[in-house]
Amino acid sequence: MKSSAIVLGIGVAALLMTMPAAASPVILLNGDAESGDLSGWITTDPQIHAVTSQKQSTGTVYPYEGNAFFSFAVSDARDRADDSPVTIGMYQTGTIDDVPNLRLAGRVQTETRGGDCDAGEVVLSVFDMDGGLLASASSGLLTTDNFEWRQFAVELTGLSGAASWRADLYGTVFDGTYVNVFYDDLQLIANPVPGAVILVGIGAGLTGWLRRRRAL
């Protein structure tokens, strides 16, 4: 029985060596703001910061989890005499290889005052090796009740030929002068290639076979 198990184990090991490796998860750097700064992110808007709390006219915003979150409301984003909406944002990019699906998820919070809401938006995009856009998906405008962290997710599938990704976070002010939009607990996840699912099946089958052998 032991020799049979050893032979089978060797065969599985050989199969693992010949199969393509599963794609590593794509890691979004500093997605939870716990670094206390904007490490990993690119922005030209000085009012966006990682903060431990944000005082609002209606109260104080605190992190969804951990010690920090991203606030778009650190300083004025538009002139007090101008009622036109103003949008600011930050983004992050990275590379991918042989990844069939990408999913960007996290938490967002916006302020509601007098029936007017500021709004967030999340956009996930993928590009080919030449930088051409292959696919893009948006969360649409995101709004919440005051001090309520809302979960969101944006997903892209069928990413054949994708070489890089970009995650954009936006905030738009519709009321007042501050962009009262906040983000936390952001994650970008790459689904494994089909080979990883096959390996799970092999492992389950091997376990069952060994149990049956021991029962004989």
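The paragraphs below set out a description of the structure included in this document. Computed from a predicted model, the values in this text were never measured in an experiment. (Residues numbered from 1 in each chain as written. Predicted model: local features only at pLDDT ≥ 70, side-chain atom pairs only at ≥ 80, totals over all residues. Heavy atoms only, no water.)

1. What about the sheet that holds strand E9 (residues 119-127)?
If you trace the four strands from one edge of the open sheet to the other, you get E5-E12-E9-E10, paired in antiparallel fashion. Two strands lie at the open edges of the sheet, namely strand E5 (86-95) and strand E10 (133-138), each paired on one side alone. On average, adjacent strands in this sheet sit at an angle of 15° to one another, irrespective of strand direction. (Pairing = 2+ DSSP bridges. Helix = DSSP H or I, 4+ residues; strand = E, 2+ residues; numbered from the N terminus. Axes fitted to C-alpha atoms, helices over the stretch in contact; angles between N-to-C directions.)

2. So, the packing of aromatic side chains
Tallied over the entire structure, the rule returns five aromatic pairs. Note on Trp41 and Phe70: the rings are 5.8 Å apart at their centroids and 70° apart in plane angle, and the pair reads as edge-to-face. Here the residue Trp41 occupies a position in the loop between helix H1 (2-18) and strand E1 (49-51), and Phe70 occupies one in strand E4 (residues 69-71), the gap between them amounting to 29 residues. Overall, Phe70 belongs to the buried group, its relative accessible area being 0%. Here Phe152 and Tyr183 contribute two aromatic rings whose centre-to-centre distance is 6.3 Å and whose plane-to-plane angle is 85°, an arrangement assigned as edge-to-face. Taken together, the residues span a long stretch of sequence, with Phe152 in strand E11 (residues 150-157) and Tyr183 in strand E13 (residues 181-190) at a distance of 31 residues. (Phe/Tyr/Trp six-rings, centres within 6.5 Å; stacked < 30°, edge-to-face > 60°. Buried < 20%, exposed > 50% of the residue type's maximum accessible area, 1.4 Å probe, protein only.)

3. Some thoughts on empty space enclosed by the protein
Per the counting criterion, the structure on display carries one cavity of 30 Å³ or more. Size it by volume and the largest cavity reaches roughly 40 Å³. Lining the largest cavity are Gln56, Thr58, Val61, Gln109, Thr110, Glu111, Asn146, Phe147 and Phe182. Of the residues belonging to the lining of the largest cavity, the class tally is three nonpolar, five polar and one charged. (1 Å grid on protein atoms, 1.4 Å probe; cavity = no way out; pocket = protein on both sides within 12 Å on 5 of 7 lines; lining within 4 Å. Points joined across faces, edges and corners; volume = space filled by probe spheres on them. Nonpolar A, V, L, I, M, F, W, Y, C, P; charged D, E, K, R; others polar.)

4. With respect to the pattern of salt bridges
Considering all chains together, one arrives at one salt bridge under this definition. With a closest N to O distance of 2.9 Å, Asp168 and Arg166 form a salt bridge. Residue classification places Arg166 among the partly exposed residues on the basis of a relative accessible area of 27%. (Salt bridge = Lys/Arg side-chain N within 4 Å of Asp/Glu carboxyl O.)

5. Concerning unusual backbone geometry
Backbone geometry follows two general trends: most residues other than glycine have a negative phi, and most peptide bonds adopt the trans configuration. Unusually for a residue other than glycine, Asp98 sits at a positive phi of about 60°. Tracing the backbone through its elements, the reader meets Asp98 in the loop between E5 and strand E6 (101-110). Positioned with a positive phi, Asp185 is a non-glycine residue whose angle comes to about 55°. Position of Asp185 relative to the elements: it lies in strand E13.

6. Some words on the nonpolar core
A general tendency of soluble globular proteins is for nonpolar side chains to be buried together. Counting 35 residues, the largest nonpolar core has Phe72, Leu102 and Tyr183 as the members making the most contacts within it. Sequence-distant contacts of Phe72, defined by excluding residues within four places in its chain, comprise Gln47, Ile48, Ile88, Gly89, Met90, Leu169, Tyr170, Gly171, Val179, Val181, Phe182 and Tyr183. Of all hydrophobic cores here, the second largest spans six residues; its members include Val51, Val61, Phe69 and Phe182. (Core = buried A, V, L, I, M, F, W, Y, C linked by side-chain atoms within 4.5 Å. Contact = heavy atoms within 4.5 Å.)

7. Focus on the sheet that holds E4
Here we have five strands laid out as an open sheet, ordered E1-E4-E13-E6-E11, and antiparallel in their pairing. Edge positions in the sheet fall to E1 and E11, since each of these pairs with one other strand and no more. When the angles between neighbouring strand axes are averaged without regard to direction, this sheet yields 35°. Pairing between E4 and E13: two bridges, direction antiparallel.

8. Points about the pairing of E6
Most of E6 is tucked away: nine of the 10 residues are buried. Bridge count between E6 and E11: eight bridges; the pairing is antiparallel. What sits directly across from Arg103, in E11, is Glu155. Where E6 meets E13, eight bridges bridge the pair, whose relative direction is antiparallel. Bridging across to E13, Val108 finds its partner in Tyr183.

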